[in-house]
Amino acid sequence: MGERMGEPSAANGGRAVVVTGGAGPAVGSGVALAVARHGFRVWIADLDLNAAKAMAEEIRGEGGQADCVQVDTADPASVAAAMATVVEAEGGVVHGLVNSAGIGFNALAADMEVEDFDRIIAIDLRGPWLCAKGLIPAMVAGGGGSIVHIGSVHALATIPTQTAYAAAKAGLHGMARAIAADYGGHCIRCNVVNPGAVPSREAYGDGSLPAKDHWVDYMVRCQQFLHQVINPLDIGNACAFLLGDGAKSITGQAITVDAGMTTLLWSHTEEL
Ligand SMILES: NC(=O)c1ccc[n+]([C@@H]2O[C@H](COP(=O)([O-])OP(=O)(O)OC[C@H]3O[C@@H](n4cnc5c(N)ncnc54)[C@H](O)[C@@H]3O)[C@@H](O)[C@H]2O)c1
């Protein structure tokens, strides 16, 4: 019998997975920790090398396997070098990639500068493609693999000031389908996980509602079906599932981990 979904799988042991932005305090840390706890060997690929080292140390401290490499996903040469470092260290075979490195930007469409738009697209859309490009040959060499893009609820619905971010995140959905089409014949799958409102793990704490003035508190009370804070690990667990064999027939799809935010027809307040 296969493993029960959501539990670490022995089949994942020894499989290397690169997590870009995996040193981040919010989604990135949740992905890195959850993927390691599901038995994968994690490479934290982040701009912030000190934070990446600390995350790798934390994972090793709890018995997981982790290493790190510095990368600027906005820079094609940096991505090529970082992915080549991982591929070489892994003897030419890499199983997975989670593209979590990303940044936000707020501006009305007509107020945004070309440089701002280009920077968001470079990090949030082109970077995930560059990382996939760098690792796909090592997935082909291993007989298959799994790529997960961290999208956003902004790919599905949005608010004012999100032109570049919403475009980039929606673009990841199209990119996932295209990569799934290109490499399905090599057993390489590509999917998206769309997080809702995810606080840093410090702010998440024990999962009780944060202070009233915290932005996540407003989301939980007024914009979600589930009145609970999304744990960064909730995003990571969805990624770990998509990386593993339990998802071996899932490709070109998106899973939205938003506690119901994008299904809500209109917002409700405590006054209603
Ligand atoms: N936190 C949320 O509520 C939320 C919601 C929806 C989507 N997301 C997505 O989750 C991902 C992580 O965002 P987060 O806000 O949780 O941040 P996070 O706490 O995961 O930190 C982001 C990490 O990315 C790294 N990074 C930034 N630019 C980089 C670059 N050019 N190259 C390499 N690394 C880089 C940072 O050093 C940092 O470690 C992003 O793709 C974001 O769009 C987050």
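This one's a predicted model, so the numbers in the text were calculated from it and none came from an experiment. In this numbering scheme, every chain counts its residues from 1 along its sequence in written order. The predicted origin of the model limits local features to residues at a pLDDT of at least 70 and limits the giving and counting of side-chain atom pairs to 80 or more, whereas totals for whole chains, interfaces and linings rest on all residues.

Caption draft 1: Structural detail: helix H5 (residues 163-183). Every helix listed is a DSSP run of H or I at least four residues long, and every strand listed is a run of E at least two residues long, numbered separately from the N terminus. How far a helix is expected to stretch is found by multiplying one less than its residue total by 1.5 Å. With 21 residues, H5 should cover 30 Å at 1.5 Å per step; its first-to-last C-alpha distance of 30 Å lies within 8% of that length. Placing C-beta atoms from the backbone, we regard two residues as in contact once those atoms come within 7 Å. The elements touched by buried residues of H5 are helix H4 (114-141), strand E5 (145-150) and strand E6 (188-195).

Caption draft 2: Broad picture of the pairing of E6. Here exposure depends only on C-beta density: within 10 Å of a residue's C-beta, 20 or more other C-beta atoms make it buried, 12 or fewer make it exposed, and intermediate numbers make it partly exposed, the C-beta atoms being placed from the backbone. Most of E6 is tucked away: 8 of the 8 residues are buried. Residues Ile 188, Cys 190, Val 192 and Asn 194 line one face of E6 and the alternating positions Arg 189, Asn 191, Val 193 and Pro 195 line the opposite face, and both faces are buried. Pairing analysis gives 4 bridges linking E6 to strand E7 (residues 254-257), with the strands arranged parallel. Note on E7: the bridge partner recorded for Pro 195 is Val 257. The pairing criterion is simple: DSSP has to find at least two bridges between the two strands.

Caption draft 3: Geometry of the packing of helix H1 (residues 27-37) against helix H8 (residues 232-243). In the contact formed by H1 and H8, the axes pass within 7 Å of each other and the chain directions differ by 50 degrees. On the basis of the axis angle, H1 is oblique to H8. The element H1 and its partner H8 pack so that their crossing is right-handed. The residues of H8 that touch H1, namely those facing Val 27, Ser 29, Gly 30, Val 31, Leu 33, Ala 34 and Val 35, are Pro 232, Leu 233, Ile 235, Gly 236, Asn 237, Cys 239, Ala 240 and Leu 243. Charged means Asp, Glu, Lys or Arg here, nonpolar means Ala, Val, Leu, Ile, Met, Phe, Trp, Tyr, Cys or Pro, and polar covers whatever is left, Gly included. Residues of the contact of H1 with H8, tallied by class, amount to 11 nonpolar, 4 polar and no charged. Axes here refer to lines fitted to C-alpha atoms; in helices the fit is confined to the stretch in contact. Angles between the N-to-C directions go from 0 to 180 degrees. Any angle between 65 and 115 degrees counts as roughly perpendicular, while under 35 counts as roughly parallel, over 145 as roughly antiparallel, and the rest as oblique. Crossing handedness follows the turn of the near helix against the far one: under a right angle anticlockwise gives a left-handed crossing, and clockwise gives a right-handed one.

Caption draft 4: Structural view of the sheet that holds strand E4 (residues 96-99). Ordered by their spatial adjacency, 7 strands build an open sheet running E3-E2-E1-E4-E5-E6-E7, and the pairing between neighbours is parallel. If you trace the sheet from one side to the other, it starts and ends with strand E3 (65-70) and E7, each paired once. Across this sheet, the average inter-strand angle for adjacent strands is 20 degrees, counted without regard to direction. By the bridge criterion, 6 bridges tie strand E2 (residues 41-46) to E3 in an arrangement that is parallel. Residue pairing across strands places Asp 46 opposite Gln 70, the latter belonging to E3. Its contacts with the sheet place H4 against strand E1 (16-20), E4, E5 and E6, and it is angled at close to 175 degrees to E4. Across the sheet, H5 touches E5, E6 and E7, and the angle it forms with E6 is around 165 degrees.

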